[in-house]
Number of protein chains: 4
Amino acid sequence: MPPIPPIPQPPEPNAKRQALWRVIFLSDTRAGRIFDVVLLWLIGISVITVALESVEELRATFGNTLVLAEWAFTLIFTVEYLLRLWVVRRRWRYAASFFGLVDLISILPSWLELVVPDAHYFLALRVLRLMRMFRILRMAGHVEEAAVLVAALNASRRKIIVFFVSILSLVCVEGTIMYVLERGTNSGFSNIPQSIYWAIVTITTVGYGDISPVTIAGKVMASIIMLTGFAIIAVPTGIVTSELNRRATATEVDHRCCGECGCVGHLGAAIYCHQCGRELTT
Amino acid sequence: MPPIPPIPQPPEPNAKRQALWRVIFLSDTRAGRIFDVVLLWLIGISVITVALESVEELRATFGNTLVLAEWAFTLIFTVEYLLRLWVVRRRWRYAASFFGLVDLISILPSWLELVVPDAHYFLALRVLRLMRMFRILRMAGHVEEAAVLVAALNASRRKIIVFFVSILSLVCVEGTIMYVLERGTNSGFSNIPQSIYWAIVTITTVGYGDISPVTIAGKVMASIIMLTGFAIIAVPTGIVTSELNRRATATEVDHRCCGECGCVGHLGAAIYCHQCGRELTT
Amino acid sequence: MPPIPPIPQPPEPNAKRQALWRVIFLSDTRAGRIFDVVLLWLIGISVITVALESVEELRATFGNTLVLAEWAFTLIFTVEYLLRLWVVRRRWRYAASFFGLVDLISILPSWLELVVPDAHYFLALRVLRLMRMFRILRMAGHVEEAAVLVAALNASRRKIIVFFVSILSLVCVEGTIMYVLERGTNSGFSNIPQSIYWAIVTITTVGYGDISPVTIAGKVMASIIMLTGFAIIAVPTGIVTSELNRRATATEVDHRCCGECGCVGHLGAAIYCHQCGRELTT
Amino acid sequence: MPPIPPIPQPPEPNAKRQALWRVIFLSDTRAGRIFDVVLLWLIGISVITVALESVEELRATFGNTLVLAEWAFTLIFTVEYLLRLWVVRRRWRYAASFFGLVDLISILPSWLELVVPDAHYFLALRVLRLMRMFRILRMAGHVEEAAVLVAALNASRRKIIVFFVSILSLVCVEGTIMYVLERGTNSGFSNIPQSIYWAIVTITTVGYGDISPVTIAGKVMASIIMLTGFAIIAVPTGIVTSELNRRATATEVDHRCCGECGCVGHLGAAIYCHQCGRELTT
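What counts and what doesn't
- Residues numbered from 1 in each chain as written.
- Chains lettered and ligands numbered in written order.
- Predicted model: local features only at pLDDT ≥ 70, side-chain atom pairs only at ≥ 80, totals over all residues.
- Heavy atoms only, no water.
- Phe/Tyr/Trp six-rings, centres within 6.5 Å; stacked < 30°, edge-to-face > 60°.
- Helix = DSSP H or I, 4+ residues; strand = E, 2+ residues; numbered from the N terminus.
- Buried < 20%, exposed > 50% of the residue type's maximum accessible area, 1.4 Å probe, protein only.
- 1 Å grid on protein atoms, 1.4 Å probe; cavity = no way out; pocket = protein on both sides within 12 Å on 5 of 7 lines; lining within 4 Å.
- Points joined across faces, edges and corners; volume = space filled by probe spheres on them.
- Nonpolar A, V, L, I, M, F, W, Y, C, P; charged D, E, K, R; others polar.
- Axes fitted to C-alpha atoms, helices over the stretch in contact; angles between N-to-C directions.
- Parallel < 35°, antiparallel > 145°, perpendicular 65-115°, else oblique.
- Left-handed = near helix turned anticlockwise from the far one by under 90°.
- Contact = heavy atoms within 4.5 Å.
- Patch = residues over 30% accessible without salt bridge, like charges linked within 9 Å, V, L, I, M, F, W, Y side chains within 5 Å.
- Areas by Shrake-Rupley, 256 points an atom, 1.4 Å probe, with all protein chains shown as cover.
- Salt bridge = Lys/Arg side-chain N within 4 Å of Asp/Glu carboxyl O.
- pLDDT = per-residue confidence, 0-100.
- Arc of directions from axis to C-beta.
- Core = buried A, V, L, I, M, F, W, Y, C linked by side-chain atoms within 4.5 Å.

### Some points on the packing of aromatic side chains
All names here are of chain B.
And step 1. The full count for this structure, using the stated rule, is 29 aromatic pairs over all chains.
And step 2. The interplanar angle of 25° and the centroid separation of 6.3 Å between the aromatic rings of Phe73 and Phe77 together place this pair among those described as stacked. One end of the pair, Phe73, and the other, Phe77, are both in helix 3 (residues 56-87), four residues apart, so they sit about a helical turn from each other.
And step 3. Accessibility expressed as a relative area gives 10% for Phe73, which makes it buried.

This is the structure in structure tokens:
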């Protein structure tokens, strides 16, 4: 995934729509910055409203106020969504984009609740809208940092996939063995899927303790699983660190492009192209 | 262990057996790819069947269907195993190879159950057969990544062995001390093996909480153990990361020295010296 | 934050005040060192006194002694604070400095308790005064080490902020999903804030087990959260390690290029080129 | 600490004692190797005997046999200890050496038990004698690996001390705050030392769950503590990894010593001394 989805294109020259587009989608004007900051605060408060509404004691006392607030936010965000749809040039493209979908998800649950009960709790997914914050953070230069992180994770993707396939096989095997050892004595290991769940809780070192071995054989096996997990937890860390590291040192390779053969990836100190031997110009 | 065991040799020229061998062991024909994909799906579904069969509520309702499905899978895999045995050139060598044993293990429990009850739960070990997936992943270039991981773990083997011998000594000493401190007051530390189990749970930061210190001395000692464990958990991560790192950078700059200007630190792909532009000799 | 706040300036030439300033703020005289060591012991003992006073059994028996000791420490530290205020040149500047505030915080709770009950437990914040220890450690060369750590954390600040904003969004989304899945069946997930708390406990691998999923859907979702958390925990480690690494290697080989042969990669301490033997110019 | 204590000096020329010394302290003869392997097995079995003897069910049935076995091991090890004392040249020096003390500790508890009851459980400390194993591992080249680990931990000593002083201050502050927040409502936070214990359990991500916050303020604070701990756990890992890394790349600096100026630390590719410019001889 690209660290930040591109900003939807401005509409055809049309004084009003283009000005509105600038305010809504960019942050380079005073109005645009105010719009962004107000929006982020509204999103933040609306998420907190949904979260508070789920607390029974608060719902009993402030129920009506909270429901009203939720609907107010939904209306504001719906108007905003329609405005966004109106000002962009290609409507479907925006609606199908990452932020377009997130914007829709953050208003849909309220409307859906008129049909499906309890759907409105998904309003808390509005928190995803806070990712717009990254756009504002970009101004503060924070996003380049995120880009490095995302790029490092992206580059390690294959290693991480292989790692997860191995881990999944491992927890299946471990879960089955524990099931055979603990079955009967321990209600926590009453079936294989449950035992696999336990193996995941253990190997990630979360260790809730809702299920734990009681037989001697089970404890011995669990000890082996934990000690192996100890070495295994080192692997994803190693992958990410090594990748971040490579990037840090890779800056010693600059972005000059040889005028002769067009190759890139020269050492910062290089004077001549390492592929064709021609002198490098900056 | 080599990341992927070698493919068993093809049989002596024999049109039928060789064609079958190609379908079963390779993935370079359309039939071979279909065979592999169908097999992986069968393995996946059979593992899920065994897992579901262990859930009592499901066994009560769908028991017969699940048992039937299990036997169907066992028969299919038995036929497949016999076919594999038939088409390879050296039968014993295949039977004793890693995948040969895994193939046997995945059918044996069903047949064993006719004699030993409950053996069939080990059918879940069929999940090991999914490792064949790595052969298909190889086509997608994922296996090279795995090879790097396995090589890094392999190269760190000695450091990891020394680390584990030290950890095992440490948990024995810690378990004994906790046993002496908590014995009598706390039924969780009723004997030394149990206390060692607790020390392993603690030092790996799993922390189930099924056993935890209750005396003041025990809590002080546990605090010391946890804080030490904090530093210790850094060690395997350091070992693996450092090894992965060494590999990542080692492929980048080689040790060639320019015959003209004597400078070092050339990129692995460099043909000409980046300092004087002369051709590099190996 | 700078690793160690600067020492407040000495007062205007005034024999008595300046001598006292030297004893209190520096450690370069015999009297100054004795003052520092006695102070650290007093701080340590006073923190332990507050901690012990909070244990009911001890309060019942030694209550009066402990209260007396607390007031004795408060009086000593109050006198010390007033002396510090007296000897420094710019009083407000000291009072508003980091150590000035810490010194105030460590005496205020006692005096506040005359008005607000239970305020005195904040006396345990006196432990912050132990940070003066870093000043003494400086003599032993330990502080340079701390400076490297603080600098590495500081340099990674932006990456860590982006990481935490992402983690906070993630736990909100995960908490909401778990709330929807477990609500009704499991009193631990009775509202969204509680579910978010659970998500934090899980993703950091702490895993108390006071709340844990009971439904099948909840356990499947929890497994996914834990396995993702497994990869996520690698990120801050990668950030810090990579930064520490860059610092470690950056001090070793500099970017000077030999004027004679043009080679790079000289040791920071090198005077002559290691390839052609010519003197290196900066 | 040096990775492996030096072997005690051989006795003055005396055919019998010197031959015995060779068998007991070295492993370069057939008899010496047999002695070492038999000894390691005896140690291993004696540790297991002590561990099993602590299990009540086993003590009830095999009590006498286990006590007998324990005394047999004690007698064997006592004879061995006296022999060691007899054959070395400087007796006090051996007795006061690391392995000398460990040898004594592994027999003392049995004799002490004649006076102090229950002392014999410390016999499990015999496991420390297994560290002799490292001497045998040396032959297999495993000890060089351990030496790198120990050296890396040693070099990071100062950073780790500063880190632990900071962590200890942090858990004191966090424990006090949680005590103030949870006191009264939650018996788990009934006093400050207990709250500090909880903070240690949390920040190390062990998370037993024997104590966990119940108030809203406590849960918010705990969430902050856990998320901070998340970043903090990265620090020791970063320290150790960075140190191991530096060592891995530092091998690019060889051990040649300049014949002219006597300086060391030349790059592996260096032809001339980087300090005086003279040619380097191997």
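### Notes on empty space enclosed by the protein
And step 1. One pass over the full model with this rule turns up eight cavities of 30 Å³ or more.
And step 2. By volume, the largest cavity is sized at about 160 Å³.
And step 3. Lining the largest cavity we find A:Thr205, A:Ile233, A:Thr237, B:Thr205, B:Ile233, B:Thr237, C:Thr205, C:Ile233, C:Thr237, D:Thr205, D:Ile233 and D:Thr237.
And step 4. Split into classes, the residues belonging to the lining of the largest cavity amount to four nonpolar, eight polar and no charged.

### Let's talk about the packing of helix 10 (residues 192-203) of chain A against helix 11 (residues 216-232) of chain C
The description of two packed helices rests on the angle between their axes and on the distance between the axes.
And step 1. Packing of helix 10 of chain A against helix 11 of chain C brings their axes to within 10 Å, and their N-to-C directions diverge by 25°. As summarised for this structure, helix 10 of chain A and helix 11 of chain C are arranged roughly parallel, according to the angle between their axes. The interaxial crossing formed by helix 10 of chain A with helix 11 of chain C has left-handed handedness. In contact with A:Gln194, A:Tyr197, A:Ile200, A:Val201 and A:Ile203 of helix 10 of chain A, helix 11 of chain C contributes C:Lys219, C:Ala222, C:Ser223, C:Met226, C:Leu227 and C:Phe230.

### Observations concerning a nonpolar patch on the surface
Residues and elements named next belong to chain A.
And step 1. Together, Leu75, Leu108, Trp111, Leu112, Leu114, Val115 and Val116 give the surface a local cluster of nonpolar side chains, amounting to about 660 Å² of exposed area.
And step 2. No other element matches the three residues that helix 6 (residues 108-113) contributes to the nonpolar patch.
And step 3. In this structure, Leu114 sits in the loop between helix 6 and helix 7 (133-139).

### Let's talk about the confidence of the model for chain A
And step 1. For chain A, mean pLDDT is 78; residues scoring 70 or higher make up 75% of the total.
And step 2. For chain A, the element scoring lowest by mean pLDDT is helix 7 of chain A, at 57; helix 10 of chain A scores highest, at 92.

### Thoughts on unusual backbone geometry
Residues and elements named next belong to chain A.
And step 1. Its identity is not glycine, yet Thr205 carries a phi of approximately 60°, on the positive side.
And step 2. Relative to the elements of secondary structure, Thr205 occurs in the loop between helix 10 and helix 11 (216-232).
And step 3. Exposure remark for Thr205: the relative accessible area of 5% places this residue in the buried category.

### With respect to helix 1 (residues 15-25) of chain D
Residues and elements named next belong to chain D.
And step 1. Three or more residues of helix 1 are buried, namely Arg17, Trp21, Ile24 and Phe25. Down the axis of helix 1, the buried set is contained in an arc of 75°. They therefore lie on one face. The exposed set on the far side of helix 1, more than 90 degrees from its buried face, consists of Ala15 and Lys16.
And step 2. Lining the buried residues of helix 1 we find helix 2 (30-53), helix 3 (56-87) and helix 4 (91-96).

### Observations regarding the nonpolar core
And step 1. Core analysis: the largest hydrophobic core is formed by 228 residues, its most contacted members being A:Trp198, B:Trp198, C:Trp198 and D:Trp198.
And step 2. Beyond its immediate sequence surroundings of up to four residues, B:Trp198 is in contact with B:Met178, B:Phe189, B:Ile211, B:Ser212, B:Pro213, B:Ala222, B:Ile225 and D:Tyr208.

### So, the pattern of salt bridges
Residue and element names in this part refer to chain A.
And step 1. Within this structure, the stated rule accounts for eight salt bridges over all chains.
And step 2. For Asp103, the salt bridge identified is with Arg84, shortest N-O distance 3.8 Å. Of this pair, Asp103 sits in helix 5 (residues 98-105) while Arg84 is found in helix 3 (residues 56-87), placing the two residues 19 residues apart along the sequence.
And step 3. A cluster of three or more residues bridged by salt bridges with shared partners is formed by Glu80, Arg84 and Asp103.

### Topic: the environment of B:Val171
All names here are of chain B.
And step 1. You can see Val171 is positioned in helix 9 (residues 157-182).
And step 2. Since its relative accessible area comes to 0%, Val171 is described here as buried.
And step 3. When the C-alpha positions of Val171 and Ser195 are compared, they lie 8.8 Å apart, and in sequence the two are 24 residues distant.
And step 4. Those residues within four positions of Val171 in sequence are excluded, and the remaining contacts are Ile196, Ala199, Ile200 and Ile203.

### Topic: the side chain of B:Thr74
All names here are of chain B.
And step 1. Along the chain, the position of Thr74 falls in helix 3.
And step 2. The buried category is assigned to Thr74, whose relative accessible area is 0%.
And step 3. Those residues in contact with Thr74 that sit more than four places away from it in its chain are Ile107, Ser110, Trp111 and Arg126.

### Regarding the environment of C:Lys16
Residue and element names in this part refer to chain C.
And step 1. Mapped onto the secondary structure, Lys16 falls in helix 1 (residues 15-25).
And step 2. Since its relative accessible area comes to 67%, Lys16 is described here as exposed.
And step 3. Each C-alpha atom, one on Lys16 and one on Val87, is 9.0 Å from the other, the two residues being 71 residues apart in sequence.

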